[in-house]
Structure formats: C-alpha cells, structure tokens
Amino acid sequence: IEEHTNFAMLSRLAKTASRTQATQVPKRFLNIHEYQCKELLRKVGVATQRGDQAVSGAEAVSIAQEIPDAHEYVVKAQVHTGGRGKGTFKNGFKGGVHFCEKPEQVAPLVESMVGQTLVTKQTGDAGAPVAKVFVGEAVPIAEEKYFAVLLDRKHNGPIIVASPKGGMDIEAVAEEDPDAIFTVPFNIDNGPTSQQLEELAVKLGFSDVKMAADQMGRLCDLFTKYDSTMVEINPLAQLTDGRVLAADSKILFDDNALFRHPDIAAYRDPSQEDSREVAASEHDLNYIGLDGNIGCLVNGAGLAMATMDICKLYGGERPMAHSAQHSWLQQQCHLR
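Residues numbered from 1 in each chain as written. Predicted model: local features only at pLDDT ≥ 70, side-chain atom pairs only at ≥ 80, totals over all residues. Heavy atoms only, no water.

### Digging into the overall build of the protein
Of regular secondary structure, the protein possesses 11 helices and 14 strands. Burial statistics for the protein: of 336 residues in total, 49% are counted as buried. The long-range fraction of contacts in the protein, counting pairs at least 24 apart against all pairs at least 6 apart in sequence, stands at 66%. For the protein, the accessible area works out to roughly 16100 Å², and carbon and sulfur atoms hold 50% of it. (Helix = DSSP H or I, 4+ residues; strand = E, 2+ residues; numbered from the N terminus. Buried < 20%, exposed > 50% of the residue type's maximum accessible area, 1.4 Å probe, protein only. Contact = heavy atoms within 4.5 Å. Areas by Shrake-Rupley, 256 points an atom, 1.4 Å probe, with all protein chains shown as cover.)

### Digging into the pattern of salt bridges
This structure, assessed with the given rule, holds 13 salt bridges. Salt-bridge contacts for Arg 260 lead to Asp 227; the nearest nitrogen and oxygen are separated by 3.0 Å. Here Asp 227 lies in the loop between helix H7 (209-225) and strand E12 (228-239) and Arg 260 lies in the loop between strand E14 (249-254) and helix H8 (262-265), a separation of 33 residues in the sequence. What you see here is one network of salt bridges that share partners, running through Glu 34, Lys 38, Lys 76, Arg 84 and Asp 248. (Salt bridge = Lys/Arg side-chain N within 4 Å of Asp/Glu carboxyl O.)

### Overview of a nonpolar patch on the surface
Taken together, Ile 310, Leu 313 and Tyr 314 make up a surface patch of nonpolar side chains, about 420 Å² in accessible area. With respect to the secondary-structure elements, Ile 310 resides in helix H10 (residues 301-313). (Patch = residues over 30% accessible without salt bridge, like charges linked within 9 Å, V, L, I, M, F, W, Y side chains within 5 Å.)

### Some thoughts on the sheet that holds strand E4 (residues 88-89)
For sheets, the rule is that strands pair by backbone hydrogen bonds, running either parallel or antiparallel. Spatially, three strands are ordered E4-E6-E7 in an open sheet, and the strand pairing comes out antiparallel. Edge positions in the sheet fall to E4 and strand E7 (128-129), since each of these pairs with one other strand and no more. (Pairing = 2+ DSSP bridges.)

### As for the pairing of strand E10 (residues 157-163)
Counting buried residues in E10 gives seven out of seven residues, a clear majority hidden from the surface. Two strands pair when backbone bridges link them, and strand E9 (residues 141-152) and E10 are joined in this way by seven bridges, in the antiparallel orientation. Each bridged residue has a counterpart across the sheet, and for Asp 152 the counterpart in E10 is Gly 157. As paired elements, E10 and strand E11 (residues 182-185) share four bridges and run antiparallel to each other. Bridge pairing in E11 places Ile 159 opposite Pro 185.

### A short note on the sheet that holds strand E3 (residues 73-77)
Read across the sheet, four strands follow the order E2-E8-E3-E5 without closing on themselves; strand pairing throughout is antiparallel. In this open sheet, the two edge strands, each paired with only one partner strand, are strand E2 (51-54) and strand E5 (97-100). Averaged over all pairs of adjacent strands, the angle between their axes in this sheet comes to 20°, without regard to strand direction. With five bridges connecting them, E3 and strand E8 (residues 133-137) associate as antiparallel partners. Directly across from Val 75, in E8, lies its bridge partner Val 135. Strand contacts of helix H2 (residues 34-43): E2, E3 and E8, with the helix running at about 145° to E2, the strand carrying the most contacts. (Axes fitted to C-alpha atoms, helices over the stretch in contact; angles between N-to-C directions.)

Have a look at this one:
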C-alpha cells in the first residue's frame, strides 16, 4: 500500500465525477442516479440502506412504512450533481436532502422536490430537474471512510483510493492531509488480494476488518464486472453496531462498453444531460456544449491557454474547454 497521494490523480477523480459550471469536460461516461447505484450495489452483495425511489408523496409514505424499525428517514433529490444538501429549489424550498422521524412526514418533503428544479454550486443558475427522490432509512453512523476504485495511468490499471477521513471532499483531504490518503493498485483480472484489502481495512480504522475487506472486495468486483470507470463510496460507513455499509455512492461507466450491459444502459436519464448532447448522441456524434462566446480549436495546451487569455483580455468570454481532455488536464496542473 502506498501511503502517499498523487494530487493530480485525485483532482481528476473528483472533476470527472461532477459537471461544474466552470469547466466542461468531454463526457465518455454514463452517470446514474443514487437509487440506481444502490440497486447495483445490492446485486453484488454490498450492504446499503433500505429504501427505494419515489415520484409522489403517497408513494414515498408507502416506502417509508415498509421500514417500520428505522429510527429516522432520509429523502434525497435524485440529480446528477453534487452539493444537493446545500442547494435551493427554484420554488424556494431549501435543501435537496432532508431527514424526518415519521413515515407520514416524508410526503410534504417529496412534494416540494419532485417536478422542481434544484440549483447547486455545480449546476449553475440553470439547475437540474428533479423527477424522482430516494426515500430510505437514515442509518446510525459511527465513523465515515472514503473509498473509490478508478483507472489510473500511472499504474496502468485500476487502483483503490481510500481514506479514514470520509464524508467530505476528497480533494480537500488530499490537499490538507495527504498522508490520510492510501492508494492500492491491483490486477484487473484477479482483483485485489485478501491481504491487500485487510491491510487497507486496518489503516482505515474499521473494527471488523474481515467484514470491511469483504465489502471493499465486492466493490472492486463491481468495478470490473460492469466496465466501470469509477466507483466512489463516500462515506463507506461503520455503523454504531459495527456493520460496514455504503451510505452514499457514485458510479460511472464506460459508454463504449454499454453494449455488453443493456441493463446498465437502461439506467440513463437524458433529463440530466445537455439536450444538445442528447440529440447528438442519437446520431452517434460526439458533441460537447460549451459556454463563452468565442470558440478556440487549438493544438497544444500552451497555445490554447495563451489564445484564450488574449480573447479574455480583449473582452471575449473565454471558452472553457477545447479539443482534448489531456490538454485540459495539463491546464489544471499548470493553473495550480
């Protein structure tokens, strides 16, 4: 286990996982909703909260009533963006994540979210439409860990990125306390060894090392089985009774491999994507919507940055991306 972090790699992880207003990155990955992630996690034996999707208050109450022993319930807006909890709906309702104690209390929360537009720091003023919510049990968490599996060029294959400091922005952890990040490269054909997983579980501070290693191994299996490009669990929680549970998740898939997984392809939600990109994809075209009012098609990151700076200097709105993702990554490193 390497007890150090490649900050550029973690930056790439975080930025690939979200669409920010500031920068549009060429998209090659299918993004799915949280409730869909939970369905997939259950299929491979990863523990997660009980609950389901709902589109109305009555349906939400019915779901909550099926979990009578829950000490608390959570209602989460289903959108492809981060920062839901601190977001605001255009109807004035604040927060895309809410908690309540009784099943009947979920109904007004759902009615305030479904059919509305949620604005977060990542969506910009346009916001994201909410057609469904996740209604489930709020679990008693004792400790929050961070766990992710992704492909890394440096190791020419998949790696685990994990930290005992979960439930927060992993980029912030990497910058403030890089020693708290652990990376574990593993063979894509055989997966991580039990020794690797148990050593990592110890470093993350799980009380039940065997259980934690088992759950992390299943997450790695999911990554390879479904041609994923990223599996992120934040937090991977240790509950007050010692159980290990994936409390929140984000999973991306390689579009080029979806022909092997029609069940995953069916998860796609076009309402969460740029309508222009959706129209282009219907004709097998790659189209990336950009902001700004001047487009630059440039070969080379240095020339691209200089050209965009000149445009900005003379009053143009700088285009926020160009032809190659590799060049975009170089820009991010240069700007740091």
